[in-house]
Every structure is written in structure tokens, then in C-alpha cells.
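# Descriptive analysis of the structure
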Amino acid sequence: MDQTFVIIGAGHAGGQAAATLRSKGFEGKIIMIGDEPYAPYERPPLSKALLAGEIEIDRLYLKKPSWYEDKDIDLRVNTLVDSIDKAGKSLALSDGSTIAYDKLLIATGTRVRKLALPGAELGGIFYLRAIADTLAIQERMKPDTKVVIVGGGYIGLEVAAVGAKMGCDVTVLEGLDRVMNRVVSPEVSAFYHETHTAAGVKIITGVGVTGYEGEGDVSKVICADGSAYDADLVVVGVGVIPNCEIAEEAGLTVENGLVVDEYAQTSDPDIYAAGDVTNHPNALLGGRLRLESVQNAVDQAKTAANAMLGTLKEYAEIPWFWSDQYDLKLQIVGLSEPDDEVVMRGDPATKKFSVCYLRDGELVAVNAINNVKDFMGAKKLIAAHRKIDPALLADADTPLKQM
Amino acid sequence: MATINVTNRDGETSKIDAEVGISLMENLRNNDSELESICGGQCSCATCHVYIDDDWVARSGTRSDEETELLEELDCMKEGSRLSCQVDFTAELDGLTIVIAPDE
């Protein structure tokens, strides 16, 4: 009898896994369960091109919706999984039905971290994770709208850039001392701070938001230092939380994400996981980590799908990320740490430069701004774990490929 | 319906249906290609690399500097190399012949 593979989650990882299973010749039943009303789609444009109204929703799909029917993939949208019975190898769904699986892939991703502050119930306060969020924000984001963004990370700054271009009055409130603190060096933070300021965005750092005021809809954002900012619209981007609850309740090992091995297998031999939700080992980096990135979702999903079919291919990639703000393409390869030695390549004034991070003499990360060549070169160089002369690295005319 | 002749990484050739007005990458993605196109068509990652058949190169448009920079960093760049997200699939490309480049 045909096997049934069930995929929980219809994001980048779920979509990629279904595609890989079929392209590798799996002929059994595939059921994919998603909580949104859409087939798997590209999430990054939600805070960029989709918000700016530059692209239509039907250009976001990973595969056109008819593909799932053509490939005999039972895509169940608007559906949640209530629980996993791993002894009985079945799932209970929010519509009351139960489905049996032979192998299961958990690709539940993350959800936004919400701020439980006074006034949080007011209208006009949004988070951004799904198409519905973008559409709701878009409806209120018009020229001259006062937009207050809580959190100066990727999402906050991308929304700020779209708002500024649209002619909104944008203020970004960041709790730490600089924007994108977690992911880039102070030099890169300063460059982005200046770029936003030049575009008319006000960035306030080191300020903690304590609540919202308004009648029905939000009209003010209140901060710990007593300052207040007028707001017609608030967008909060303060990180995400992995959706591990059903896995944990089922008895799978969870520790800063759903724990999997290098083949994307969980502590249960018939259950796999991929994407933002996983805590996985990476031999290239040494140690375990949980990532929030499309690259990880796609690549780990391929590993998981192969493993579900009995082909074990170790997952170990140098992680990479990107953010588009204004005319700046920021690409991040590798993971930097605050104590890394920072080497500048090129002049920020040209809007094309890179910042390199050395640890014990080895290149571990690069932030490339409008510099796709360095981005590509860095991927290989970081994986090579070679010691590199900082003076040579600082010479922007010497390609990374030649180091 | 327009079509594209695609040779995949296993060397198997097939004819796929294509839609005019979207990119070559989107057309490949809508079918069964192994292309990743991780960045979603932003000319950022070079994971949608294809080789355009010699007879079609002239009709497939020209590379931007950025696309060229990305391609030049790949080990397997060739004469007909393109990032498929940067190729608009026009009516003129009906019958296009391409090969999916190796995964790097």
C-alpha cells in the first residue's frame, strides 16, 4: 500500500519538501497542512515589494496553486494541527478530523513575538509575518500617515524604507543602542541609520516602549523615558518564537527549537523537521543553532525530504540572509559575534562596500552592501576556514576569490 | 501555450509549458525544475543559474552588471549563462532551449 507523508506547515520549508519529494520520485500520498489561506509563497517580499504595492500576490507563489493538484498533493489551507500522536502515528486537525501518517515533516516555522503592553488591544497596531498582515498595514499606510515602528531590525527597517518612499512620517523606536544590533557591526548599523535619516526617517535608539494610548485606534506610543510619539499606525517587529508546542506536547525533544540531527530527523525516527523551527547541528560552523532564513528553510527541507525517502545527505551550509532597504542590497553570509575583528572593504560613501568579520584569523562572516561579488566570494571563503591577512582583506580591489 | 525545452541536472530533457510575461525563473519554478531561486528573483543569490542554448542567447536579452558579477563568481559560468530570474519570458522565446546549471 502507498505510504502517506504529511507536512505540517506550508511555508518555504514545507513547499520545498513537497517539491523535492515529488521530484525524487515519491509516489505515495502527500498531505500538506497550512494555517494560512494560501499555497506556499515567498515571505521576504511581504515587508518589501508587496507592501510597496510593486508586486501582486500571485507572483509570490513558490509554485502556482494548480501545481499541487497536478502533483496530487493534498494541500489543506486554513487548517491547524491540534496534536500529534506519535505512538499511533496520527494527527488531530482543527477541523476535527484525524489523519494517519507513515512519515511526518514538521515545518511550522515561527510566529511573531508580541508585546503585552497597556493599550495593545487598540486598533492600528500590527505585526508582520503573513500576507494578511501586509495587506492590513498597506490599507493604513498612506502619504503623511504617522507610522511608528517598534524595533529596528530587518522587518522594522524594511517597513520604514517603504513608508518613507510612500511619503509617510516614519519614526523607528529601537530598544538597543543601534539598529540591526543582533546581525551587523556598528559600522553597518551607522551606515543604515544615516541612510534612513537622509530619507526622512527618525530613528530613536535606546528607548523602551511601555504602552500605547488612543481611543479605539492607537494615537500615541509611550516610552519608558516619558517621551511619546504620535501614531496613526504602529508596526512592531521584535523577533519571532519557534512554533514547537505541538512537537513538545507529543514528547519530541525541544530546546531553543525542535531538536533535529544533521539529516533533519527528530528524536522520533518517523518525524522530521525543517526550517525556522529547528535547532540543528552545523558541522561547518561547529555546534548547534536555530536560524530564521529562507536559505535554511529551503536547504534543510531538501535534506529532510531526502531523508524521508531513505537518502541521507548531511545538512551543513554557511547561512545567508538579505535585506532590501531603499536602493541598498544588504547580504549577510555567516554568523558574526560581537568580539570578532572587523575589517572594512571599500568606502561606505560609495554605497558599495563590505564588512568582514575575522575570528582567530579566519573569515567567519561578511556583510555585503550592494556588493554581490563579495557575497558570492564570501560564501566559499568562509566555508574554507582559511586564515586571511586582514590587510589583504581590506583591499577591495583584490577579489575574495583570490584569497 | 508557449513552451521551453529544459534539460535537467540528470541530463533528461523535457518540454514544459510556459507563460509569457513572467520571468524564465518563474516558469521553471512553476514546473518541476530543481532550481532553488532562493532570493525569489532579486538578482541576489545565483541559485537560478541556467545555460541558454547558443541559438537563443541573442533573443534572451542582456545581462546587467550585477548579474554578470554574480555569474563570474560561479565555477561553472559559461557563454550562455544567465540567472533565469533576470530573463523576461517574452513571446519571442517560445521554444527556448536551456540546460539547468549544476548546483554550487
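Fair warning: this is a prediction, and the values are worked out from it, not measured in the lab.

Although it is not a glycine, Lys 351 of chain A sits at a positive phi angle of roughly 65 degrees. Here Lys 351 of chain A shows up in the loop between strand 24 (341-345) and strand 25 (353-359). Even without being glycine, Ser 37 of chain B reaches a positive phi, approximately 45 degrees. As for its position among the elements, Ser 37 of chain B is in the loop between helix 1 (24-29) and strand 3 (49-52).

Looking now at the confidence of the model for chain B. In this model, chain B carries a mean pLDDT of 93, and residues with pLDDT of at least 70 account for 100%. Quick note on the complex model: pTM equals 0.96, ipTM equals 0.93.

Glancing now at the interface of chain A and chain B. Listed by partner, the interface residues are 27 residues for chain A and 28 residues for chain B. Between chain A and chain B the total buried area reaches about 2400 Å² when both faces are included, carbon and sulfur atoms providing 42% of it. Considering only the side of chain A, the residues that lose the most area to chain B are Arg 59, Lys 373 and Met 376 of chain A, jointly responsible for 22% of the buried surface there. Summed over the shared surface of chain A and chain B, the result is nine salt bridges. For Glu 42 of chain A, the salt bridge goes to Arg 29 of chain B, with nearest N and O atoms at 2.5 Å. Across the contact surface, chain A and chain B share 20 residue pairs in polar contact (both at pLDDT 80 or more). Put simply, the parts of the chain that give the side of chain A that touches chain B at least two residues each are helix 7 (294-308), strand 22 (320-325), strand 23 (328-334) and helix 8 (372-384) of chain A. The residue inventory of the side of chain A that touches chain B, partitioned by class, reads ten nonpolar, three polar and 14 charged.

Before going further, it helps to spend a moment on helix 3 (residues 65-72) of chain B. Buried within helix 3 of chain B are the following residues: Glu 67, Thr 68, Glu 69, Leu 70 and Leu 71 of chain B. For helix 3 of chain B, the elements touching its buried residues are helix 8 of chain A together with strand 3 and strand 4 (81-83) of chain B.

Backbone hydrogen bonds hold the strands of a sheet together, and the pairing may be parallel or antiparallel. All names here are of chain A. Spatially, 4-5-6 is the arrangement adopted by the three strands of the open sheet, whose pairing is antiparallel. The sheet is open, and its two borders are formed by strand 4 (81-85) and strand 6 (98-100), each paired with just one other strand. Strand-to-strand twist of the sheet, defined as the mean angle between neighbouring strand axes without regard to direction, takes the value 20 degrees.

With that settled, consider the packing of helix 1 (residues 12-23) of chain A against helix 7 of chain A. Residue and element names in this part refer to chain A. Interaxial distance between helix 1 and helix 7 falls to 8 Å at its minimum, and their mutual angle equals 40 degrees. In this view, helix 1 runs oblique relative to helix 7, as classed from their interaxial angle. Our pair here, helix 1 against helix 7, has a crossing hand that is right-handed. In this structure, helix 1 uses His 12, Ala 13, Gln 16, Ala 17, Thr 20 and Leu 21 to contact helix 7, whose residues at the interface are Val 294, Ala 297, Val 298, Ala 301, Lys 302, Ala 305, Asn 306 and Met 308. In the contact of helix 1 with helix 7, the residues fall into nine nonpolar, four polar and one charged.

In this section: the environment of Phe 375 of chain A. The topology assignment puts Phe 375 of chain A in helix 8. Under the relative-accessibility criterion, Phe 375 of chain A is labelled buried at 0%. Sequence-wise, Phe 375 of chain A and Trp 320 of chain A are 55 residues apart; in three dimensions their C-alpha atoms are separated by 9.1 Å. Apart from residues lying up to four places away in sequence, Phe 375 of chain A is in contact with Trp 320, Gln 331, Val 333 and Ala 368 of chain A together with Ser 44 and Cys 45 of chain B.

This part covers the environment of Met 403 of chain A. Residue and element names in this part refer to chain A. Along the chain, Met 403 turns up in the segment after helix 9 (390-393). A residue is classified by how much of its surface remains accessible, and Met 403, at 14% relative accessible area, is buried. Between the C-alpha atom of Met 403 and that of Arg 386, which follows or precedes it by 17 residues, the distance is 8.9 Å.

Right, let's get into the pattern of salt bridges. One pass over the full model with this rule turns up 26 salt bridges over all chains. Residue Arg 111 of chain A pairs with Glu 245 of chain A through a salt bridge whose shortest N-O separation is 2.8 Å. You can see Arg 111 of chain A sitting in strand 8 (residues 110-112) and its partner Glu 245 of chain A sitting in helix 6 (residues 245-249), a full 134 residues away along the chain. In this structure Arg 111 of chain A comes out as partly exposed when scored by relative accessible area, which is 34%. For the salt bridge of Lys 352 of chain A with Glu 69 of chain B, the shortest nitrogen-to-oxygen distance reads 3.2 Å.

Reading the values: rules and limits
- Residues numbered from 1 in each chain as written.
- Chains lettered and ligands numbered in written order.
- Predicted model: local features only at pLDDT ≥ 70, side-chain atom pairs only at ≥ 80, totals over all residues.
- Heavy atoms only, no water.
- Helix = DSSP H or I, 4+ residues; strand = E, 2+ residues; numbered from the N terminus.
- pLDDT = per-residue confidence, 0-100.
- Contact = heavy atoms within 4.5 Å.
- Buried area = accessible area lost by both parts, 1.4 Å probe.
- Salt bridge = Lys/Arg side-chain N within 4 Å of Asp/Glu carboxyl O.
- Polar contact = N/O pair within 3.5 Å; in protein donor to acceptor, adjacent residues only side chain to side chain.
- Nonpolar A, V, L, I, M, F, W, Y, C, P; charged D, E, K, R; others polar.
- Buried < 20%, exposed > 50% of the residue type's maximum accessible area, 1.4 Å probe, protein only.
- Pairing = 2+ DSSP bridges.
- Axes fitted to C-alpha atoms, helices over the stretch in contact; angles between N-to-C directions.
- Parallel < 35°, antiparallel > 145°, perpendicular 65-115°, else oblique.
- Left-handed = near helix turned anticlockwise from the far one by under 90°.

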